[in-house]
Amino acid sequence: MSAVPRTDQEKRKQISVRGIAGVENIAEVKKTFNRHLHYTLVKDRNVATQRDYYFALAHTVKDHLVSRWIRTQQYYYEKDPKRVYYLSLEYYMGRTLTNTMINLNIQSACDEALYQLGLDIEDLEDMEEDAGLGNGGLGRLAACFLDSMATLGLAAYGYGLRYEYGIFSQRIKNGEQVEEPDDWLRFGNPWEKARPEYTLPVNFYGRVEQSDKGAKWVDTQTVFAIPYDNPIPGFRNNVVNTMRLWSAKSPNSFNLRFFNDGDYIQAVLDRNYAENISRVLYPNDNFFEGKELRLKQEYFMVAATLQDIIRRFKSSKFGCRDPVRTQFDTFPDKVAIQLNDTHPALAIPELMRILVDIEGVAWDKAWDITKKTCAYTNHTVLPEALERWPVTMLEYILPRHLQIMYEINARFLDEVSKKWPGDVDRLRRMSMVEESGEKRINMAHLAIIGSHAVNGVAAIHSEIIKRDIFRDFAEMNPEKFQNKTNGITPRRWLLLCNPSLADAIAERIGDKWTTHLEELKNLKKCINDASFIRTVHKIKQENKLKLAAYLTKETGVNINPASMFDIQVKRIHEYKRQLLNCLHIITLYNRIKKNPNAPFVPRTIMIGGKAAPGYHTAKQIIKLICAVGNVVNNDPVVGEKLKVVFLENYRVTLAEKIIPAADLSEQISTAGTEASGTGNMKFMLNGALTIGTLDGANIEMKEEMGAENIFIFGMTVDEVEDLKRRGYNAYDYYNANPELRQAVDQISGGYFSPNNPDCFKDLTNILLHHDRFYLFADYDAYIKCQERVSDMYTNTEEWTKMAIMNIASSGKFSSDRTIAEYAREIWGVEPNWEKLPAPHEARD
């Protein structure tokens, strides 16, 4: 099929920060694409579907990865650097195709090749399933970190689980969330490579035998861990690292008696029970539920991973050359293990078990090795999110590990009592074993005791950890505690999702910012440049038009592209305060109804996020937002002044559409509850202004851009603590503020649910009697701050200047900076910015 001439804008797309499409490259892509269509997919153009074309393109792009992938691993073997192992139960990767094309610098060649073949690359990109192997921030952070580790040339590996079903697909039916399974693998995954030759056994249950030679874990049940490797390309440096995800598989052997007993079929069916371990992602990361399957998932991942790490350590090229030192003395020099929250904390007793029980290392030496190797990142201050495993469950599933944890705890408490003799309360507070109520193991305490470094993920969060939650531990080992403010990868969150803005920035300051985001500070000299202001405003409007068309098609709500796009997207949780946003919507609605002819800055308020299936209050919040939206959107008095859209099935791919179009970013958690946030950084980088509390990374964002370029409201952490001490009475605020009272009464009185007036009584009951997050205390300040937002939005030039200042101040919030800090200050390795030779180049 011959191609028709493209418009100037389409031609311009090819010559940008995303590379120039060479004639030879285009011809090669077309040739490889057709080869995969015919020989990999066994299709021709007569019968091929859009999905077939996507797979052909994915295999074409993967061909460019494979030689780099192999050569990277060869390079690591030859150089034998210290290797970094990032252990996470979640990786919220999203789609892989576009990101890979950008990082390999072949996007323009692929785009033009497909155009010449009569295909639209965007249509094919839309065929890819999101790899939603995470709940939200923690999993997406892990994905950004893998990108940065490869871009910084670190010999790094991500380890996790290959869930057959990722985070559920959310559907809104009759105004309520309905969960549907996310069968993301149903068409296959072209990016992964199964490695059955590296299958490893993982044991559960059994008992412990003690003898003169030590402890032995026997009579266990075995499940096999099959690794699936996924390539992680760095940005145009020819480095391709590996994310290895484990899948559970039952042993193949059957007891022959099943043939005689007639239970053979049942024995085959029972295999599924073991394989459930990697079946589904737990759809929650801010409530701890002590479920046996979750514990098995955590141990399965760390047990397989540690075997793999030790295998690689033992087979390294140089090994240990020092005859005085045993092999494992060099382990912390060659291995760094980062625990992404407490989910992989069982790595600590598992490493001790391997060293002591299997490798014969003395306890004290093994403990020294373990502590020097492991480091722990804390992601939450909410007490309900901290993992505490019942001792009875551990004794049943992991009996040897429970013994080891008891021993670790006893030795640690000896140290505590030597430092603070007679301080029984302190011993109780610092013990890993919680004795009150059901006996439990506190996994955060285990992670702290067994690590050489503990970090929070924003400056305020790290201070809260030291000052409050883990104060005793910080007093004992202050040198352990650090801050590592989170970051995001600028490749996905600007270059990929907002190419027009990326091009505009590159035209002004060059493209060095793609790997050195601090270069964006050079945009500050453009802050009063009328031409650049117009360009940034025009790009924002184009992005808004595109999103408005998409949402109208998806939701049926007609959206005014000239309205302010006011967006809050994150998991639905009481501490994130989507309810406060909802109270603001109702207040705006009431003001319009009261005075329809008053001047009003039009707004489209979009809220998106998933509620954990068992979290009733969060589901009620979604239901309320949908009910309020239904009333607002269908009221002729309101018209286009106010629209409310609930963004169904919020995920990485939808975020890539929403964030470039946002005018206002809502980051309104109660001060002291959000560890960091990374959505706030994505909006900032794309030129949205933030309305937020002094919580998480908002504080550092304000420091970077200046208080005049962010809308801050509400209580500080200290003021929240003071209110908590004094006692919070929601009725004081309810009775003092007529607009607040009206909004609450409308919710509780059935104004938004006329067919079921008591529908939202649970929510108003929480707000008035059981609100741990003090919505009413911040309501008035929030409403007043939103009025300032509206006033500023009417001044397009000043608003756009603030947006440019946000973009220009984003440099600190690159995951490259975060990872460089982890590398130097925790892992003891140095980033390597040198490119590896390309596959066609000779090697040294």
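Given the structure is predicted, the values throughout are model-derived calculations rather than measurements. (Residues numbered from 1 in each chain as written. Predicted model: local features only at pLDDT ≥ 70, side-chain atom pairs only at ≥ 80, totals over all residues. Heavy atoms only, no water.)

Draft legend 1. Structural view of the packing of helix 10 (residues 292-314) against helix 12 (residues 347-358). Remark: helix 10 packs on helix 12, axes separated minimally by 10 Å, with the N-to-C direction vectors making an angle of 45 degrees. It follows from the interaxial angle that helix 10 and helix 12 lie oblique. Two packed elements cross with a definite hand, and for helix 10 against helix 12 that hand is right-handed. In this structure, helix 10 contributes Tyr299, Val302, Ala303, Leu306 and Ile310 to the contact, and helix 12 contributes Ala347, Glu350, Leu351, Arg353 and Ile354. Grouping the amino acids of the contact of helix 10 with helix 12 by side-chain chemistry returns eight nonpolar, no polar and two charged. (Axes fitted to C-alpha atoms, helices over the stretch in contact; angles between N-to-C directions. Helix = DSSP H or I, 4+ residues; strand = E, 2+ residues; numbered from the N terminus. Parallel < 35°, antiparallel > 145°, perpendicular 65-115°, else oblique. Left-handed = near helix turned anticlockwise from the far one by under 90°. Contact = heavy atoms within 4.5 Å. Nonpolar A, V, L, I, M, F, W, Y, C, P; charged D, E, K, R; others polar.)

Draft legend 2. Main features of the packing of helix 2 (residues 23-40) against helix 5 (residues 107-116). Running from N to C, helix 2 and helix 5 cross one another at 65 degrees; their axes reach a closest spacing of 8 Å. The handedness of the crossing between helix 2 and helix 5 is right-handed. Taking contact as the criterion, the partners of Asn25, Ile26, Val29, Lys30 and Phe33 in helix 2 are, on helix 5, Ala109, Cys110, Glu112, Ala113, Leu114 and Gln116. Counted by class, the contact of helix 2 with helix 5 contains seven nonpolar, two polar and two charged residues.

Draft legend 3. Molecular detail of the UniProt feature "modified residue: N6-(pyridoxal phosphate)lysine" (unreviewed entry) in the protein chain. What UniProt calls "modified residue: N6-(pyridoxal phosphate)lysine" (unreviewed entry) maps, in this numbering, to Lys682. Tracing the backbone through its elements, the reader meets lysine 682 in helix 26 (residues 679-685). The residues contacting lysine 682, other than those within four sequence positions of it, are Arg140, Ile488, Trp493 and Ile659. (UniProt positions renumbered as here; feature names shortened; annotations may be inferred.)

Draft legend 4. Quick peek at the nonpolar core. Ranked by internal contacts, the top residues of the largest apolar core, which has 178 residues, are Met149, Phe204, Phe300, Trp513 and Trp827. Apart from residues no more than four positions distant in its own chain, methionine 149 is found in contact with Val84, Tyr86, Leu154, Ala156, Asn241, Ile819 and Trp827. Within the second largest apolar cluster, 74 residues are counted, among which are Ile586, Val638, Phe713 and Ala743. (Core = buried A, V, L, I, M, F, W, Y, C linked by side-chain atoms within 4.5 Å. Buried < 20%, exposed > 50% of the residue type's maximum accessible area, 1.4 Å probe, protein only.)

Draft legend 5. Molecular detail of the packing of aromatic side chains. On inspection of all chains with the given rule, the structure shows 26 aromatic pairs. On the numbers, 6.1 Å between centres and 15 degrees between planes, the contact of tyrosine 159 with tryptophan 246 is stacked. Linking tyrosine 159 in strand 4 (residues 156-161) with tryptophan 246 in strand 12 (residues 240-249), this pair joins segments that are 87 residues apart in sequence. An aromatic cluster is built from Phe204, Tyr205, Trp217, Tyr299 and Tyr396, whose rings are joined through pairwise contacts. Over the ring of tryptophan 493 we find lysine 682, and its NZ or CZ is 4.6 Å from the ring centre. (Phe/Tyr/Trp six-rings, centres within 6.5 Å; stacked < 30°, edge-to-face > 60°. Lys NZ or Arg CZ within 6 Å of the ring centre and 35° of its normal.)

Draft legend 6. Summary view of the state of the cysteines. Inspection of the entire model under this criterion finds zero disulfides. Of all cysteine sulfurs in the structure, the one in cysteine 626 sits closest to cysteine 582, which takes part in no disulfide; the separation is 9.6 Å. Residue classification places cysteine 582 among the buried positions, given a relative accessible area of 1%. Free cysteine: cysteine 759, not disulfide-bonded; nearest cysteine sulfur from cysteine 626 at 11 Å. On the accessibility criterion, cysteine 759 (11% relative accessible area) is buried. (Disulfide = S-S within 2.5 Å.)

Draft legend 7. The sheet that holds strand 17 (residues 440-442), seen in detail. Sheet architecture is open: three strands sit in the order 15-17-16, paired in antiparallel fashion. Edge positions in the sheet fall to strand 15 (388-390) and strand 16 (433-434), since each of these pairs with one other strand and no more. Across three bridges, strand 15 lies against strand 17 in antiparallel orientation. Pairing of tryptophan 389 across the sheet is with isoleucine 441, part of strand 17. (Pairing = 2+ DSSP bridges.)

Draft legend 8. Structural view of the pairing of strand 24 (residues 689-692). Judged by which residues are buried, strand 24 turns out to be covered on both faces: Leu689 and Ile691 on one side and Thr690 and Gly692 on the other are all buried. Across four bridges, the pairing between strand 23 (residues 664-667) and strand 24 is parallel. When the sheet's bridge partners are listed, leucine 664 is paired in strand 24 with leucine 689. On the question of chirality, the crossover connecting strand 23 to the parallel strand 24 by way of helix 26 is right-handed. Between strand 24 and its parallel partner strand 25 (residues 711-712), the chain crosses via helix 27 (residues 698-705), and the hand of that crossover is right-handed. (Right-handed = clockwise from strand over helix to strand, strands pointing away.)

Draft legend 9. Summary view of the environment of leucine 65. With respect to the helices and strands, leucine 65 occurs in helix 3 (residues 50-79). Judged by its relative accessible area of 1%, leucine 65 falls in the buried class. The sequence separation of leucine 65 and proline 233 amounts to 168 residues, and the corresponding C-alpha distance is 7.5 Å. Setting aside residues no more than four positions away along its own chain, leucine 65 makes contact with Thr100, Leu104, Trp191, Pro231, Pro233 and Val240.

Draft legend 10. Focus on the side chain of serine 753. Of note, serine 753 is situated in the loop between helix 30 (738-749) and helix 31 (761-769). Here serine 753 is in contact with Cys759 and Phe760, once residues within four sequence places are set aside.

Draft legend 11. Molecular detail of the pattern of salt bridges. All told, the structure shown has 62 salt bridges when counted by the stated rule. Across the salt bridge formed by arginine 171 and glutamate 648, the nearest N and O atoms sit 3.9 Å from each other. With a gap of 477 residues between them, arginine 171 in strand 5 (residues 169-173) and glutamate 648 in the loop between strand 22 (642-647) and helix 25 (652-658) connect regions that are remote in the sequence. For glutamate 648, a relative accessible area of 33% corresponds to the partly exposed category. Note that aspartate 308 and arginine 312 form a salt bridge whose closest N and O atoms lie 3.6 Å from each other. In this pair, aspartate 308 and arginine 312 both sit in helix 10, four residues apart, roughly one turn of the helix. Taking relative accessible area as the criterion, arginine 312 reaches 11% and is therefore assigned buried. (Salt bridge = Lys/Arg side-chain N within 4 Å of Asp/Glu carboxyl O.)

Draft legend 12. Helix 32 (residues 775-793), seen in detail. Under the 1.5 Å per step criterion, the end-to-end length of helix 32 is 25 Å for 19 residues, consistent within 8% with the ideal 27 Å. Along helix 32, the residues classified as buried are Leu775, Phe776, Ala777, Asp778, Tyr779, Tyr782, Ile783, Cys785, Gln786, Val789, Ser790 and Tyr793. (Expected span 1.5 Å × (residues − 1).)

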